[in-house]
Amino acid sequence: MKKRYLYLLLLPGVLFLTIFMIVPIFLTIGTTFFNESGFTIQGYLDFFKDRYFIEILLTTLRVSLFTTIICILLGFPAAYYISKLGKRTKAIMLLLTIFPLLTSPVVRSFSWMVIIGKNGVINKLLLSMGLIDKPLDILYTPTAIIIGLVHLFLPLIIVTLVGVMENIETDLLKAAESLGASRLAVFSKVIIPLSVPGLVVGSILVFVGSFTAYTTPALLGGKQRVISTFLYQNAITLNEWQVASIVATIMIAVTVLIISIMNGLAKKLNPKG
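All residue numbers here refer to positions counted from 1 along the written sequence of the relevant chain. Reporting of local features is limited, given that this is a predicted model, to residues whose pLDDT is at least 70; pairs of side-chain atoms are given and counted only at 80 or more, and all residues count toward the totals for whole chains, interfaces and linings. Derived side-chain values reflect all non-hydrogen atoms in the structure, with water molecules and hydrogen atoms excluded from consideration.

Naming follows an unreviewed UniProt entry, where the protein chain appears as ABC transporter permease of Peribacillus butanolivorans. Recorded in UniProt for the protein chain, the comment headed Sequence similarities (unreviewed entry) runs: "Belongs to the binding-protein-dependent transport system permease family. CysTW subfamily." UniProt positions are given in the numbering used here, feature names are shortened, and annotations may be inferred rather than shown by experiment.

**Student:** I'd like a description of the UniProt feature "transmembrane region" (unreviewed entry) in the protein chain, backed by residues and values.
**Tutor:** Taken from the UniProt record, the annotation "transmembrane region" (unreviewed entry) applies to residues 7–34, 54–82, 94–118, 138–165, 186–211 and 241–266. Helix and strand definitions here come from DSSP, where helices need a minimum of 4 consecutive H or I residues and strands a minimum of 2 consecutive E residues; each element is numbered from the N-terminal end. Taken end to end, residues 94–118 is 68% helix and 0% strand, and its two terminal C-alpha atoms sit 34 Å from one another. The span residues 241–266 is 100% helix and 0% strand, and its two end C-alpha atoms sit 37 Å from each other.

**Student:** Explain the packing of helix α7 (residues 142–165) against helix α10 (residues 196–212) to me, and be specific about the residues and the numbers.
**Tutor:** Relative to each other, α7 and α10 sit at 160°, their axes nearing to 8 Å. If you check the angle between α7 and α10, you find them roughly antiparallel. Considering only the axes of α7 and α10, their crossing is right-handed. Across from Leu 149, Phe 153, Leu 156, Ile 157, Thr 160, Leu 161 and Val 164 in α7, the residues of α10 making contact are Gly 198, Leu 199, Val 201, Gly 202, Ser 203, Leu 205, Val 206, Gly 209 and Ser 210. Helix axes use the C-alpha atoms of the stretch in contact, all axes being lines fitted to C-alpha atoms, and the angles between their N-to-C directions lie in the range 0 to 180 degrees. Any angle that is under 35 degrees is reported as roughly parallel, and any over 145 degrees as roughly antiparallel; angles of 65 to 115 degrees are reported as roughly perpendicular and all others as oblique. Left-handed describes a crossing whose near helix is turned anticlockwise from the far helix through less than a right angle; right-handed describes the clockwise counterpart. By definition in these notes, contact holds between two residues if any of their heavy atoms fall within 4.5 Å.

**Student:** Explain the pattern of salt bridges to me, and be specific about the residues and the numbers.
**Tutor:** Only one rule defines a salt bridge in this text: a Lys or Arg side-chain nitrogen within 4 Å of an Asp or Glu carboxyl oxygen. Inspection of every chain in the model, using the stated rule, returns three salt bridges. Where Lys 118 meets Asp 137, a salt bridge forms, and the shortest distance between an N and an O atom there is 3.3 Å. Taken together, the residues span a long stretch of sequence, with Lys 118 in the loop between α5 (105–116) and α6 (121–128) and Asp 137 in the loop between α6 and α7 at a distance of 19 residues. Each of the two residues, Lys 118 as well as Asp 137, counts as exposed. Under the scheme applied here, a residue whose accessible area is under 20% of the maximum for its type counts as buried, over 50% as exposed, and between as partly exposed, the area being computed with a 1.4 Å probe on protein chains only.

**Student:** Any details on the packing of aromatic side chains? Residues and values, ideally.
**Tutor:** Each aromatic pair joins two rings of Phe, Tyr and Trp (for Trp, the six-membered one) with centres within 6.5 Å, and gets the label stacked for planes under 30 degrees apart, edge-to-face for over 60, and tilted for any other angle. Applying the stated criterion across every chain, the model contains 11 aromatic pairs. Pairing Tyr 214 with Tyr 232 gives two aromatic rings, centres 4.9 Å apart and planes at 35°, and the pair type is tilted. With a gap of 18 residues between them, Tyr 214 in the loop between α10 and α11 (215–221) and Tyr 232 in helix α12 (residues 227–237) connect regions that are remote in the sequence. Given the relative accessible area of 32%, Tyr 214 is considered partly exposed.

Shown next, in the form of structure tokens:
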């Protein structure tokens, strides 16, 4: 009887998600397989024959992958350090970590435009030090997009990893050290495997967020197209909603595929997790 009441409590949320998210997604996907003549997959065939679209898709995947790797490399040691702090200091550090998320992506992107532009802080500094002869072309490149996305999503992976690492029993680490394991061995053989669940969740958040991000690539990428700006261009500028629906469906398929691959990798790295 109690379970029935619990299911009734779930009903409003399930209905809301079904009506406003699941149904629109399926309707969007369904429209890509039908035209005036009936069922067809010609739209997808045309897309994957188009070198321009393939290049955009590959660029987006590269940007998302590099963003995820950089976030892991920067976020893992930072999360480990924060997880070892006292409660008060940890709370302050987490607050500072989350603080960038409270700033609009537009503001952050414009800030990076000031920093990495031709007349920006970095180029002026390098020129004054004599390390370069002319300003570096960083802005409006994939590199600029990666910088902006790392700034945007790094807090997510840090917070996710801290939540996992702070639950690792210190007795396990002491036991490994007592058995002769070095600090490096403890880190690689104990801490990293036990952190895999948080690492996978954080990586999925970063990759999917980078793959679907629009504001940061639009401002920092300029004419450098990624799949989200390509979708916007077809839907809003060109009014090609059929094409935009195909792009959106491909984005959904790639996202599901990447999540499946990461989950499979997590099970291999940590079968008991």
